[in-house]
Amino acid sequence: MPEGHVIHRLAREMNARFAGRPLSVTSPQGRFAAEAAALDGAAIDHAEAWGKHLFVEFDVPRPDNIVHIHLGLIGQLKFEGPDDAAGQVRLHISNSEESANLRGPQWCRLITDADRTAAIAGVGEDPLRDDADPSTLAPRVRRSRRPIGALLVDQKLYAGVGSIYRTETLFRLGIHPLMPGESLTPDQIGDMWEDLRLLMEDGVRVGRIDTIRAEHTPEAMGRAPREDDHGGEVYVYRRTGQPCHVCGTPVAETPIESRRVFYCPNCQAR
């Protein structure tokens, strides 16, 4: 599932490419046809991301003028040619020069402002939003016996944080993923927030997840670049059995709430 930096990057691109001009809005697949017809010819007022949720607000005189998109596990929103709509395209937005095509989302809904407010109310603090309030996190994390490796991907706490950012931030701060939230200090929780914000802002900028510090890059270490479909240079994510870039200890993994979490037994000793 795409992590939050992807959704923020999509919102930024939607605003840059499509906002403020009349658009052709259709649903080639047909599953969003009535909603698309209600928006056809209108302009996008703005798009914004909250965690893994994308809201695209159209300038039309009706209460349900916001397209709410969640990509889920297989969804994709791609920018293509103006007439490209191959495959099962749920939503096609074109400005006659290029198009945005949505395929395979978990959901694509036409909602009201009140619906958006209700959806946002169920979302935690987003490290990529200027209006986030990270001060709410420490009390909630420190009341929990759940492992921090689970809390960091709880979207009601940390909006937009996924498996890679969770895993890598814990490594960078030397925190074992099985440590219960109640064992963490306020300073550790604050450090996690700042590191997530730093990493995710870089992800928006470059379009991929890189978590390696300068001294551990392939060039600095004289090692081969990482080859993985997830892309980016990382410390421990999906590197089970390979040597830690910092200490050489084989990277390990542990299940946390049915998901694999990777860590270095030495750098992240419990």
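Residues numbered from 1 in each chain as written. Predicted model: local features only at pLDDT ≥ 70, side-chain atom pairs only at ≥ 80, totals over all residues. Heavy atoms only, no water.

A few words now on helix H6 (residues 163–172). Among the ten residues that make up H6, ten are buried, leaving the element largely enclosed by the rest of the structure. Those residues of H6 not exposed but buried are Ser-163, Ile-164, Tyr-165, Arg-166, Thr-167, Glu-168, Thr-169, Leu-170, Phe-171 and Arg-172. Contact partners of the buried residues in H6: helix H1 (4–18), helix H5 (148–151), helix H7 (186–206) and strand E10 (259–263). Gly-174 sits one or two residues past H6 and shows a positive phi near 70°. (Buried < 20%, exposed > 50% of the residue type's maximum accessible area, 1.4 Å probe, protein only. Helix = DSSP H or I, 4+ residues; strand = E, 2+ residues; numbered from the N terminus. Contact = heavy atoms within 4.5 Å.)

Following the criterion strictly, the structure yields three aromatic pairs and no others. Over the face of the ring belonging to Phe-79 we find Arg-17, whose NZ or CZ atom lies 4.3 Å from the ring centre. The ring of Trp-50 carries the charged tip of Arg-129 above its face, separated from the ring centre by 3.6 Å. (Phe/Tyr/Trp six-rings, centres within 6.5 Å; stacked < 30°, edge-to-face > 60°. Lys NZ or Arg CZ within 6 Å of the ring centre and 35° of its normal.)

Going through the model one piece at a time under the given rule, you end up with 21 salt bridges. Between Arg-197 and Glu-201 there is a salt bridge, with the nearest N and O atoms lying 3.7 Å from each other. Residue Arg-197 and its partner Glu-201 are both found in helix H7; the two are separated by four residues, about one turn of the helix. Judged by its relative accessible area of 40%, Glu-201 is partly exposed. The closest approach of N and O atoms between Arg-205 and Asp-202, which form a salt bridge, is 2.5 Å. (Salt bridge = Lys/Arg side-chain N within 4 Å of Asp/Glu carboxyl O.)

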